[in-house]
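Here is how the chains run, residue by residue.
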Amino acid sequence: MPTIETKYKIPVDYYIIFGICVFFIISAFSFASPRQILDGYLKIHTSRSILITDYIALAGIGAALMNAAVLTLFNLFLLIFYKRDSNGKIIAALFLTIGFSLFGKNMFNTLPIMAGVYCYGRISGKKFADMIVLAMISSTISPIVSEIAFLNGNITILNFFLAYTTGVLVGIIFPVIADHVQGIHNFYCLYNGGIAGGFIAAMLAGLLRSIGIEIIPESLWDTEHTFPLAFIAYGIAVALIIFAIVTEKGINAFKKFIDLLKERDPYDCDYLTKYQNTCYINIGIMCAVSTSLMLFLGKPINGPILGGILTVSGFAACGKHLRSALPIIIGSIIAAHFNHLEFGASENVLAILFSTGLSPIAAKHGWFWGVVAGFLHVSIAIFIGDINGGLNLYNNGFAGSFVTVLLVPIIVTFKALYKKMKTKIKRNV
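As a starting point, this report considers the structure included with it.

## Quick look at the overall build of the protein chain
Then, in step 1: Helix and strand content of the protein chain: 20 helices and 0 strands.
Then, in step 2: Relative to the 2.2 N^0.38 estimate, which gives 22 Å for 429 residues, the radius of gyration of the protein chain is 21 Å and therefore close to what a compact globule would have.
Then, in step 3: Its C-alpha atoms give the protein chain principal-axis dimensions of about 80 × 55 × 50 Å.
Then, in step 4: A buried classification covers 57% of the 429 residues belonging to the protein chain.
Then, in step 5: Relative to all contacts within the protein chain whose residues are 6 or more apart in sequence, the contacts with residues 24 or more apart total 80%.
Then, in step 6: For the protein chain, the exposed surface amounts to about 18,600 Å²; the carbon and sulfur share of it is 68%.
Then, in step 7: Here the protein chain contributes 30 positively and 21 negatively charged side chains, and the mean placements of these two sets differ by 13 Å.

## Some details on a nonpolar patch on the surface
Then, in step 1: A cluster of nonpolar side chains, Leu-326, Ile-330, Ile-334, Phe-338, Trp-367, Phe-375 and Leu-376, forms an exposed patch at the surface whose accessible area comes to about 620 Å².
Then, in step 2: Taken together, the elements giving at least two residues each to the nonpolar patch come down to helix 16 (322-338) and helix 19 (367-388).
Then, in step 3: The greatest single-element share of the nonpolar patch, amounting to 4 residues, is contributed by helix 16.
Then, in step 4: The topology assignment puts Phe-375 in helix 19.

## Topic: the packing of helix 11 (residues 226-247) against helix 14 (residues 279-296)
When two helices pack together, their arrangement is given by the angle between their axes and by how far apart the axes lie.
Then, in step 1: Two elements in contact, helix 11 and helix 14, have axes separated by 7 Å at closest approach and are oriented at 155°. Considering the angle they form, helix 11 stands roughly antiparallel to helix 14. The crossing of helix 11 and helix 14 is left-handed. Within the contact between the two elements, helix 11 uses Thr-226, Ala-230, Ala-233, Tyr-234, Ala-237, Leu-240, Ile-241, Phe-243, Ala-244 and Ile-245 and helix 14 uses Tyr-280, Ile-281, Ile-283, Gly-284, Ile-285, Cys-287, Ala-288, Thr-291, Ser-292 and Leu-295.

## Description of the pattern of salt bridges
Then, in step 1: What the rule picks out here adds up to 6 salt bridges.
Then, in step 2: Linking Arg-48 and Glu-147 is a salt bridge whose minimum nitrogen-to-oxygen distance equals 2.9 Å. In this pair, Arg-48 sits in the loop between helix 2 (34-45) and helix 3 (55-59) while Glu-147 sits in helix 8 (residues 143-149), placing the two residues 99 residues apart along the sequence. The same class applies to Arg-48 and to Glu-147, which are both buried.
Then, in step 3: We note a salt bridge from Lys-274 to Asp-268, for which the minimum N-O separation is 3.2 Å.
Then, in step 4: Residue Asp-268 is classed as partly exposed on the basis of its relative accessible area, which comes to 37%.
Then, in step 5: Salt bridges linked by common partners bring Arg-48, Glu-147 and Glu-218 together as one network.

## A look at unusual backbone geometry
Then, in step 1: The linkage connecting Leu-51 with the following residue, Ile-52, adopts the cis geometry, with an omega of -5°.
Then, in step 2: Its place among the elements puts Ile-52 in the loop between helix 2 and helix 3.
Then, in step 3: The backbone of Lys-83 sits at a positive phi, close to 55°, despite the residue not being glycine.
Then, in step 4: If you trace the backbone, Lys-83 turns up in the loop between helix 4 (61-81) and helix 5 (88-100).
Then, in step 5: In the Ramachandran plot, Phe-187 falls in the positive-phi region, its phi being about 70° despite a non-glycine side chain.
Then, in step 6: Here Phe-187 shows up in the loop between helix 9 (157-185) and helix 10 (192-210).

## Some details on the nonpolar core
Then, in step 1: By size, the foremost hydrophobic cluster in this structure holds 134 residues, and its most contacted members are Phe-24, Ile-91, Leu-94 and Ile-283.
Then, in step 2: Looking at which element gives the most residues to this core, the answer is helix 4, with 11 residues.

## Quick notes on a positive patch on the surface
Then, in step 1: On the surface, a cluster of positive charge is made up of Lys-262, Arg-264, Arg-323, Lys-364 and Lys-415.
Then, in step 2: Look at Arg-323 and you get partly exposed, because its relative accessible area is 46%.

## Some details on the environment of Leu-326
Then, in step 1: Mapping Leu-326 onto the fold places it in helix 16.
Then, in step 2: Expressed as a C-alpha distance, the spacing of Leu-326 and Ala-288, which sit 38 residues apart in the sequence, is 13 Å.

## A word on the side chain of Asn-277
Then, in step 1: Inspection of the secondary structure assignment puts Asn-277 in the loop between helix 13 (271-275) and helix 14.
Then, in step 2: Residue Asn-277 is classed as buried on the basis of its relative accessible area of 15%.
Then, in step 3: At 3.2 Å, the side chain of Asn-277 forms a polar contact with the side chain of Thr-247.
Then, in step 4: Apart from the residues lying within four places of it in its own chain, the contact partners of Asn-277 are Val-12, Phe-243, Ala-244, Thr-247 and Glu-248.

Cut-offs applied
Residues numbered from 1 in each chain as written. Predicted model: local features only at pLDDT ≥ 70, side-chain atom pairs only at ≥ 80, totals over all residues. Heavy atoms only, no water. Helix = DSSP H or I, 4+ residues; strand = E, 2+ residues; numbered from the N terminus. Rg over C-alpha atoms; globule rule 2.2 N^0.38 Å. Buried < 20%, exposed > 50% of the residue type's maximum accessible area, 1.4 Å probe, protein only. Contact = heavy atoms within 4.5 Å. Areas by Shrake-Rupley, 256 points an atom, 1.4 Å probe, with all protein chains shown as cover. Lys, Arg positive; Asp, Glu negative; His and termini not counted. Charge placed at Lys NZ, Arg CZ, Asp CG, Glu CD. Patch = residues over 30% accessible without salt bridge, like charges linked within 9 Å, V, L, I, M, F, W, Y side chains within 5 Å. Salt bridge = Lys/Arg side-chain N within 4 Å of Asp/Glu carboxyl O. Axes fitted to C-alpha atoms, helices over the stretch in contact; angles between N-to-C directions. Parallel < 35°, antiparallel > 145°, perpendicular 65-115°, else oblique. Left-handed = near helix turned anticlockwise from the far one by under 90°. Core = buried A, V, L, I, M, F, W, Y, C linked by side-chain atoms within 4.5 Å. Polar contact = N/O pair within 3.5 Å; in protein donor to acceptor, adjacent residues only side chain to side chain.

Printed below as a string of structure tokens:
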């Protein structure tokens, strides 16, 4: 019998993301004039955008918020155009887009890489509808496009051609690498795109350096907009929690949320699909806790920090919850106190936030190993950027792969030995 196509209905989750984008746009115009936003928006698109380029420090808070809203709305349009239903990974990717559009992503440097993913789909016979999440995540390496396009401040047609050609080629190989590296971390690191991007960026950085092109580090870090950005973060958190409570009928939402906190399986962590709107309690709480943590530590909230907060929030839809994230955070704070950098250094602060990508380790193997994972993550993350020259935005994902490769086999081996020893003692008794 012929299949009957059901009419596509836009998921309510997309309306939520749309609402956040509208909130960003309204906030942008409340902080800056249209002319300031336009000038800043153009400045963002002609910047090198490598880590760490805080678009708020570079172009103003209004332009940064507008950039985040525009790029996210573009991705939202693609999801709706290709009739994709929502799930945890898609929501995580959308929050990731909002967050990193505050420090590194823009339409100019993202489009060629996404086009490359589309080309890969055409070559391999895969539907682009099934690859949109990969396309969104692939922009982790988008700074390479800006770096080549605006090399040494020389804006030429040749530079633009080389930049976009490189971007498309990177997009073509990204899905292949991303699929392969899952075997490296075995789902214990949530930032799979950052791992793939790390390897590709390291290769590209090496090629540029080998022909005498030095990648100059960037350090733009705003310290003057903590209050309005904290207000935005808390506003999103409260709105999401209220939405979940209202739509899930109060007490039922909290019962389901308690069940969510018991989740331990790294292979089955699509919380949005399993818990529907209750998942937004988890997202809202992680957003509020991350914001409060930064304020408690006395750190300014800026583009990269708000980006980190939104990333933590997004992955609360597929792999993070308070119970699994807290031990990782504790371990990362301890490491930040002991390393040679100042505790408030940008590398330390971002590593603390993004270390929660290793939450599956704590969820599966307990608090102790979670603390160890967080400690190791910061120790590796503050140096790993030197390998790729700041060309990989999800740098902490790349660091997380090293932690999982080193730590997970040790955990599994020690647990097996402990179990064997315990069984032997029981037999002797």
